[in-house]
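What follows is each chain in one-letter form.
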Amino acid sequence: MIATRLHPDKQSAAQAVAREIAELIELRSKSGKSTVLGLATGSTPLPLYAELVRLRREQGLSFRSVVTFNLDEYEGLGPTHPQSYRRFMEENLFRHLDIPATSIHIPDGLSRDAAKDCADYEAAIRAAGGIDLQILGIGRTGHVGFNEPPSPADCRTRRVHLDEVTRRDNSVFFGEPGQVPHGALTMGVATILEARRIALLAFGEAKADIVARAIKETPSAACPATWLQAHPACTFHLDAAAAKKL
Ligand code: PGA
């Protein structure tokens, strides 16, 4: 079952999830354990990343024990491309924190052997001990990561084709829709469901319909976010506008 938590605004939601992350890091590092975070890109997690950066700067929270795995990357974009997710993460989070560079993982948009690299990505997540907390956004197509419909519950990290709705929505970052890549590498639904805890963030009226579908519809590949209903510890953090249709 999906738990929902309503917040007065996205900043409050970001603070709550950042606190959850900070507590997890502190608890695990006390017993010498690393904390494995699954991270997302897009506009939704930006207030969360700003809050984590604030905790680092103002409260000295250390991220040295953190290992990260990002959900996805555009195919064809290298790490320095302005619209690559690697660059997005560097600018909005990693360069402001003290996560060791070798602990940061993002699928390689320039991969020449996607099948092998995706299998290696899965293996790296397993070798790190699995994801403790996965951060998610949700696309209007019902995608989590870039698992566009139809994505079955058992799909793994792989190469995918982006939905035209997603390409249009994400064109705000590219200037024009034609520039948005057609493909991506993404963690699979099964990969995401293996995370021990999931925090999905959704804000604003444009997400109200898909949030309601994800929570209420019978799980199916047609709306990949519905697979989250099977997860034992998944919370949707919403503002009032995104929760409007519940
Ligand atoms: P957004 O994207 O945060 O830019 O709305 C969410 C997503 O596509 O997962």
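Anyway, here's the lowdown on the structure attached to this text. Source: prediction; values computed, not measured.

### A look at the pattern of salt bridges
Counted according to the given criterion, the structure contains 17 salt bridges. Between Arg 54 and Glu 51 there is a salt bridge, with the nearest N and O atoms lying 2.9 Å from each other. Highlighted residues: Arg 54 and Glu 51, both in helix α2 (residues 46-59), separated by 3 residues, approximately one helical turn. On the basis of relative accessible area, Arg 54 is assigned to the partly exposed category, the value being 26%. With its nearest N and O atoms 3.0 Å apart, the salt bridge here joins Arg 156 to Glu 122. In this pair, Arg 156 sits in the loop between β6 (133-136) and β7 (158-161) while Glu 122 sits in helix α4 (residues 114-127), placing the two residues 34 residues apart along the sequence. It is possible to trace a salt-bridge network through shared partners that takes in Arg 28, Asp 132 and Arg 196.

### Some details on the sheet that holds strand β2 (residues 35-39)
Reading across from one edge, β1-β10-β9-β6-β2-β3-β5 is the order of the 7 strands in this open sheet, with parallel pairing throughout. Because the sheet does not close on itself, it has two edges, and the strands there are β1 (2-7) and β5 (104-105). For β1 and strand β10 (residues 234-239), the ladder comprises 6 bridges, and the chain directions are parallel. The partner of Thr 4 across the bridge, within β10, is Phe 236.

### Quick look at the site of the ligand
Around the ligand, the neighbouring residues are Gly 42, Ser 43, Thr 44, Gly 137, Ile 138, Gly 139, His 143 and Lys 207. Contact distances for the ligand include 3.0 Å between an oxygen atom and a backbone N or O atom of Ser 43. When isolated, the ligand has an accessible area of 280 Å², and the protein chains bury 82% of it. Each residue belonging to the shell around the ligand can be placed in one class, and the counts come to 1 nonpolar, 6 polar and 1 charged.

About the cut-offs
- Residues numbered from 1 in each chain as written.
- Predicted model: local features only at pLDDT ≥ 70, side-chain atom pairs only at ≥ 80, totals over all residues.
- Heavy atoms only, no water.
- Salt bridge = Lys/Arg side-chain N within 4 Å of Asp/Glu carboxyl O.
- Helix = DSSP H or I, 4+ residues; strand = E, 2+ residues; numbered from the N terminus.
- Buried < 20%, exposed > 50% of the residue type's maximum accessible area, 1.4 Å probe, protein only.
- Pairing = 2+ DSSP bridges.
- Near = heavy atom within 4 Å.
- Polar contact = N/O pair within 3.5 Å; in protein donor to acceptor, adjacent residues only side chain to side chain.
- Areas by Shrake-Rupley, 256 points an atom, 1.4 Å probe, with all protein chains shown as cover.
- Nonpolar A, V, L, I, M, F, W, Y, C, P; charged D, E, K, R; others polar.

That is the geometry; function is a separate question.
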